[in-house]
Amino acid sequence: MDLLATTTIRRPVSDVYAFWRRLENLPTFMAHLQEVRSTGDRTTHWTASAPFDRSVEWDAEITDEVPDERIGWRSTGDADVPNTGKVWFVPAPDGVSTEVHVLLVYDIPGGKLGEAVARYFGEEPHQQLDDDLRRLKQVLETGEVVRSDGAPWGKRARKEFPQRPAQPLSSDEIAKGEAA
Amino acid sequence: MRANTWAGRNKVEVRDVPDPSILNRRDAIVKVTSTAICGSDLHLVDGYVPTMQDGDVLGHEFMGEVVEVGAGVDPGRLRVGDRVVVPFPIACGACAACAAELWSCCENSNPNAGIAEKMFGHPVAGIFGYSHLTGGFAGGQSEYVRVPFADVGPLKIESDLTDEQVLFLSDILPTGYMGAEMCDIQPSDVVAVWGAGPVGQFAMDSARLLGAATVIAIDKEPYRLRMAEEAGHTTINFEEVDVRSRLLELTGGRGPDKCIDAVGMEASHGSAHLHAYDRVKQAVRSETERPHALRQAILSCRSGGIVSVIGVYGGFLDKFPSGAWMNRSLTLRTGQCHVQRYMTPLLRHIENGELDPTRVITHTLPLQDAARGFDLFKNKQDGCEKVVLKP
Ligand SMILES: NC(=O)c1ccc[n+]([C@@H]2O[C@H](COP(=O)([O-])OP(=O)(O)OC[C@H]3O[C@@H](n4cnc5c(N)ncnc54)[C@H](O)[C@@H]3O)[C@@H](O)[C@H]2O)c1
Ligand SMILES: [Zn+2]
Ligand SMILES: [Zn+2]
């Protein structure tokens, strides 16, 4: 499965590149990622949420890196869902913004795991990546992921439709939501 | 706290809800001192805007006192104790739309941008109390309200103007003004305004302020037309005369140079036949609008003129007069108001006495009576033009 998405961020290429190159930052805006931990100069360990409250983990390495231009990576070892990603950065015509283009490729296995992964991404798998990039833009342009009363939990917004009413949260709800 | 909520089609209810808290670093909490009911709220209550949910707190026109600020708000910009009017579009101040002063198209303030994009092709900004399509933000018809990006939008009121004088800077005064500004008014212009609701009244006053020779108000409610007349505008009652013929009479056969639609998707029509067509299509949701005013504005406007649309539309409309629009070189301009652009200059006009926003207020009620306020405003009872609510 190939997912391609793009957005334009009103920050210079060097800032956007630097933010992405610290792969540990990816879980702040990518819905399915729980953690990316650096294990070496070009290697990382990734944890993602999976169906049935499980999580899947894999190691990855950077395969291509041109500062202020592009970053490529791929899973290594026997990842449950082998995957590769690349992101490239293009100065936008307005002279101040950066176009971010992302391509994620998942090698979805057969059998039960494959079905579960397909279900996880749903009918419009690209939508998740579109939302991820919207949040990347929020983080880089405004400092954090934007929350509302109807969609208070940032990354989890899409999964929570229909939403809770647009009505302030009780302190219990806030405590529970933050713990989840 | 108490807050006015959407309780299903045609029903609002003041209920107990939790007090708001800071969810983002740049939030503030405002204790509301005055809030108002808007024609846009009627579209929500009448059920013409999708993605409303039972319990949604309504209200996008409000002002009050800052009682808490998030850690990310620069104290040089906003502090506890400040008296502020809050613009209805929530805007980040940092994206390309905000940089271009297209505040109501902010690219970052709508957590439900993905849904808005599906309906509109591209997302729109978050708006207080205005469905989940525009973010699912609780509104300001309440005792307290959370204001995101509080370091960007709120306008501090440092003079001793009353709430009533400045409250409408949150929406309808800038909206009316933008409607007139989009008309590029020239000194010889005749400007016709469909809708003598509060938004229409402010569009008329703004058209005159911007130098129009004549301003014509079109509506069917005699008391609303009288209000426009008392403010010095010419009036047409569309239930009594044929609007197009009357406009031709008033303009030596040319038609108004500029036309403003301050009615939107729930227009009523002098002709029962066409009204029935749109009513039925709207009821079965195969058309989302009843665009009588817009159609009439396009057909009436002088060739080469501008039709400025500030009435709200939400989806798709039928029988759009594309032939008139194209063949007669008309320009169509529109938008949810970019309120932040106009707040400071319009505050100056209020201070100078060139605009008097209080002239539309006919009712002031406690927040607790919000349902009655909606009823009076919607059904044009008791001479109701604009309702201010006091929490
Ligand atoms: N663009 C924006 O940012 C913005 C902001 C605020 C309000 N609005 C919109 O402006 C519109 C007016 O708001 P309001 O608060 O004045 O509402 P309102 O309901 O009080 O006023 C609408 C008026 O239009 C009249 N009307 C109905 N059909 C008509 C027709 N065919 N021709 C002429 N007049 C007709 C009604 O009698 C009424 O007086 C609404 O659609 C509202 O949603 C837009
Ligand atoms: Zn309004
Ligand atoms: Zn913005």
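Residues numbered from 1 in each chain as written. Chains lettered and ligands numbered in written order. Predicted model: local features only at pLDDT ≥ 70, side-chain atom pairs only at ≥ 80, totals over all residues. Heavy atoms only, no water.

Q: Is there a simple way to explain the overall build of chain A in this structure?
A: Within chain A, the secondary structure is distributed over four helices and seven strands. The helix and strand sequence of chain A, counted from the amino end, reads β-α-β-β-β-β-β-β-α-α-α. Relative to a compact globule of 180 residues, whose C-alpha radius of gyration would be 16 Å, chain A shows 17 Å and is just as compact. Considering only C-alpha atoms, chain A reaches an extent of 45 × 45 × 30 Å along its principal axes. For chain A, the residues scored as buried account for 48% of the 180 residues in total. (Helix = DSSP H or I, 4+ residues; strand = E, 2+ residues; numbered from the N terminus. Rg over C-alpha atoms; globule rule 2.2 N^0.38 Å. Buried < 20%, exposed > 50% of the residue type's maximum accessible area, 1.4 Å probe, protein only.)

Q: Could you clarify how one ought to interpret the sheet that holds strand β6 (residues 83–91) of chain A in this entry?
A: In sheet architecture, strand pairing relies on hydrogen bonds along the backbone and comes in two forms, parallel and antiparallel. Residues and elements named next belong to chain A. The seven strands are arranged β1-β7-β6-β5-β4-β3-β2 in an open sheet whose pairing can be described as antiparallel. Strands with a single pairing partner mark the edges of an open sheet, and in this sheet they are β1 (2–9) and β2 (33–38). Adjacent strand axes in the sheet meet at a mean angle of 20° when their direction is disregarded. Bridge count between strand β4 (residues 54–66) and strand β5 (residues 70–76): seven bridges; the pairing is antiparallel. (Pairing = 2+ DSSP bridges. Axes fitted to C-alpha atoms, helices over the stretch in contact; angles between N-to-C directions.)

Q: I would appreciate a short explanation of the site of ligand 1 in the present structure.
A: All names here are of chain B. Around ligand 1 lies a shell of 31 residues, among which S40, H43, D219, S268 and C337 are the nearest. In the environment of ligand 1, an oxygen atom lies 2.7 Å from a nitrogen or oxygen atom belonging to the side chain of S40. V312 places a main-chain nitrogen or oxygen 3.1 Å from an oxygen atom of ligand 1. Summarising the interface, the protein chains cover 96% of the accessible area of ligand 1, which totals 860 Å² for the free molecule. Counting only elements with at least two residues in the shell around ligand 1, the list comes to α1 (39–45), α6 (198–209) and β11 (214–219). (Near = heavy atom within 4 Å. Polar contact = N/O pair within 3.5 Å; in protein donor to acceptor, adjacent residues only side chain to side chain. Areas by Shrake-Rupley, 256 points an atom, 1.4 Å probe, with all protein chains shown as cover.)

Q: Which parts of the structure should I look at to understand the nonpolar core?
A: For soluble globular proteins, nonpolar side chains are generally found buried alongside one another. One finds B:L58, B:V166, B:F168, B:L169, B:L173, B:V193 and B:I260 to be the most contacted residues of the largest nonpolar core, which totals 71 residues. The element best represented in this core is helix α12 (residues 339–351) of chain B, accounting for six residues. Summarising the domain contributions, this core has at least three residues from each of domain 1 (2–171 + 337–390) and domain 2 (175–334) of chain B. Membership of the second largest hydrophobic core comes to 39 residues, among which are A:F29, A:M30, A:W46 and A:A79. (Core = buried A, V, L, I, M, F, W, Y, C linked by side-chain atoms within 4.5 Å. Domains from an automatic or database assignment.)

Any link to function would need more than the numbers given here.
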